[in-house]
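# Examination of the molecular architecture
What follows is each chain in one-letter form.
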Amino acid sequence: MRLKEKMKKRKTDYEKTTQTIPTDLIIEILSRLPEKSVARFSCVSKLWLSITTDPSFPRPHLLLCFQKDDDLFVSSIPHHTQNSNRSYSSSLSFDLHHTMKPQLNFDHYNTSTESVHGLICFVSKEPTVWNPSTRQFLTLPTIPRPCKDWNKVKLFLGYDPVERKHKVVCIPRKRICYVFRVFTLGSAQESWRTVKTNHKHRSNGDTVGRCIQGVIYYIASACQSGEYVVMSFDVRYEKFNMIKRPSGFRGDLLITYKGRLACFKDYDDHRRFWILEDAQKRTWSSQDFLSPFGDCNLSKDTDLNLRGSTHAGELIYVPDDFSLSFYILLCDPVKNSWRRFEFKVSSEEISVHNGVEGEGEDDDDDEHRPNYGLHYFPNHIDSQMSL
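What counts as what
Residues numbered from 1 in each chain as written. Predicted model: local features only at pLDDT ≥ 70, side-chain atom pairs only at ≥ 80, totals over all residues. Heavy atoms only, no water. Helix = DSSP H or I, 4+ residues; strand = E, 2+ residues; numbered from the N terminus. Buried < 20%, exposed > 50% of the residue type's maximum accessible area, 1.4 Å probe, protein only. Contact = heavy atoms within 4.5 Å. Areas by Shrake-Rupley, 256 points an atom, 1.4 Å probe, with all protein chains shown as cover. Pairing = 2+ DSSP bridges. Axes fitted to C-alpha atoms, helices over the stretch in contact; angles between N-to-C directions. Salt bridge = Lys/Arg side-chain N within 4 Å of Asp/Glu carboxyl O. Phe/Tyr/Trp six-rings, centres within 6.5 Å; stacked < 30°, edge-to-face > 60°. pLDDT = per-residue confidence, 0-100. Core = buried A, V, L, I, M, F, W, Y, C linked by side-chain atoms within 4.5 Å. Disulfide = S-S within 2.5 Å. Polar contact = N/O pair within 3.5 Å; in protein donor to acceptor, adjacent residues only side chain to side chain.

What follows is about the overall build of the protein chain. Along the backbone of the protein chain there are five helices and 26 strands. When the 387 residues of the protein chain are sorted by exposure, 45% land in the buried category. By sequence separation, contacts in the protein chain at least 24 residues apart represent 51% of the contacts at least 6 residues apart. For the protein chain, the accessible surface area stands at approximately 21300 Å², while carbon and sulfur atoms represent 47% of it.

This is how it looks when you write it as structure tokens:
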């Protein structure tokens, strides 16, 4: 009897304690934990279960990586919290992704897709899918090539939120296309399928596909008119559509901005965004922002390029490569705030990881410093999906 009374008292004390913790703080704490820990803590209460199973959870982050020989180094930047409007600088480092040496090649030419629901796809010798959370790599079957025009290909990764399936889409690079190859991850049929389109087009070699709410978008040129357009591919139904680009936009970079497709153009003192308001009606809206860098005191030799945005609307500026240190800048044009992250990579540390301790590059020898291609994946979420 005493034991039951003691357990009842503990339960009452626990309920009183949890009631004093604001829900926003619980979400903030849970969002900083690894997915395995979140899965365990979801059993604490119905409230915690509802938080961790909400579609907007876990909170995404910016994943960064570079490759040195066979070693893959990984780091990440947390996304902005809703209650944080201040600007600040911070220093971060890379960790060796040491579980396995993939014998794969992340090169300088951005052959990887974006991160889509926890997975990333890239071309080495064959298409390869990577899950950074489980540190697994899956090499896909050789792509059937109907003709010599398929020597170079573009890969897009999509996710169907209804059936919860990832699909890899392959098209010839800079070639007229009326058929695609599609591979569904986790399906019983482990082979590439052929999907045809009525919208014959030619892919832009530099375009990067963006998967938004089950639809992949990319830049291409229409064969009939020769004009550049935005192509869309419905991942679930595997149907194509052609969307006219907004007037005034002549670039090839598409980004996901607050859950919608966006493109931009730089002017002398501001940047213009076009946002796809309605994909069915093919309507765009425009929005202008002032220069994003403000008073963040970037060094003059910093070469940053806009490469995407966070789910909260921060614009992400990153370098394409680096030697031993670099900056990444996240700017919120609405709140007029910024976050600057400095990364320093020790040449001695890299040498130790590669088994040649004491023989690293001289930090003072700029001419012989190696350059590493930097790969970045906005809005990455942890996934325990097994490959």
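A few words on the sheet that holds strand β18 (residues 270–278). Strand order across the open sheet formed by four strands is β16-β17-β18-β19, with antiparallel pairing between neighbours. The outermost strands of the open sheet, each flanked by one partner alone, are β16 (254–257) and β19 (283–290). Pairwise comparison of adjacent strand axes, ignoring direction, gives a mean angle of 35° for this sheet. Of the strand pairs in this sheet, β16 and strand β17 (residues 260–266) are connected by four bridges, and their pairing is antiparallel. Paired with T256 across the bridge in β17 is L261.

The next subject is unusual backbone geometry. Glycine aside, residues mostly have negative phi angles, and peptide bonds mostly take the trans form. Its identity as a non-glycine residue notwithstanding, K258 has a phi of 50°, on the positive side. Relative to the helices and strands, K258 resides in the loop between β16 and β17. Although it is not a glycine, R282 adopts a positive phi angle of roughly 60°. Within the secondary structure, R282 sits in the loop between β18 and β19.

With that out of the way, let us pick up the environment of A39. With respect to the element layout, A39 can be found in helix α3 (residues 35–41). Residue classification places A39 among the partly exposed positions, given a relative accessible area of 47%. Separated by 13 residues in sequence, A39 and T52 place their C-alpha atoms 7.7 Å apart.

Bringing the sheet that holds strand β7 (residues 136–139) into the picture now. Within a beta sheet, neighbouring strands are joined by backbone hydrogen bonds and run either parallel or antiparallel to one another. One open sheet accounts for three strands, arranged β5-β6-β7; its pairing is antiparallel. This sheet does not close on itself; its edge strands, each paired only once, are β5 (120–123) and β7. Strand-to-strand twist in this sheet, taken as the mean axis angle between neighbours without regard to direction, amounts to 25°.

With that settled, the discussion passes to the pattern of salt bridges. As enumerated under the stated definition, the model contains eight salt bridges in all. When the shortest N-O distance is used, the salt bridge between R339 and E314 registers 2.9 Å. Note that R339 is positioned in strand β24 (residues 337–344) and E314 in the loop between β20 (305–309) and β21 (315–318), a separation of 25 residues in sequence. Residue class for E314 comes out buried when judged on its relative accessible area of 1%. Three or more residues joined by partner-sharing salt bridges are found here, namely K167, R193 and E238.

This part covers the packing of aromatic side chains. In this structure the tally under the stated criterion is 17 aromatic pairs. Both rings, one in W130 and one in F137, keep their centres 5.8 Å apart while their planes meet at 0°; by these two values the pair is stacked. Ring geometry for F233 and F240: centres 4.8 Å apart, planes at 50°, overall tilted. The pair formed by F233 and F240 is uniform in burial state, with each residue classed as buried.

The next point concerns the confidence of the model for the protein chain. Taken as a whole, the protein chain shows an average pLDDT of 77; of its residues, 75% reach a score of 70 or greater. Segment residues 6–11: pLDDT under 50, and zero contacts once partners within four positions in sequence are set aside and those in other chains are kept.

Within the largest apolar cluster, 33 residues are counted, with the highest numbers of intra-cluster contacts made by V168, F180, I216 and Y218. For this core, the secondary structure elements donating two or more residues are β8 (153–160), β9 (165–172), β10 (176–184), β13 (215–222), β14 (228–234) and β15 (239–244). Looking at which element gives the most residues to this core, the answer is β8, with five residues. Excluding residues that lie within four positions of it along the chain, Y218 makes contacts with F156, I171, F180, H201, T207, G209, V229, V230, M231, F240 and L254. Counting residues in each nonpolar core, the second largest holds 18 residues, with I328, F341, F343 and V345 among its members.

This part takes up the environment of S285. Here S285 shows up in strand β19. Look at S285 and you get partly exposed, because its relative accessible area is 23%. Considered as a pair, S285 and W274 are 11 residues apart in the sequence and their alpha carbons are 5.5 Å apart. Residues contacting S285, with those up to four places away along its chain left out, are F273, W274, I275 and E277.

Per the stated rule, a full pass over the model turns up zero disulfides. Not part of a disulfide, C121 finds its nearest cysteine sulfur in C170, a span of 9.2 Å. A relative accessible area of 0% places C121 in the buried class.

Tracing the sequence through the fold places H380 in strand β26 (residues 375–380). For H380, a relative accessible area of 1% puts it in the buried group. Within the local environment of H380, its side chain forms a polar contact with the side chain of S115, the two groups lying 2.7 Å apart. With near-sequence residues (within four places) excluded, H380 lies in contact with P60, H61, L63, S115, G118, P132 and S133.

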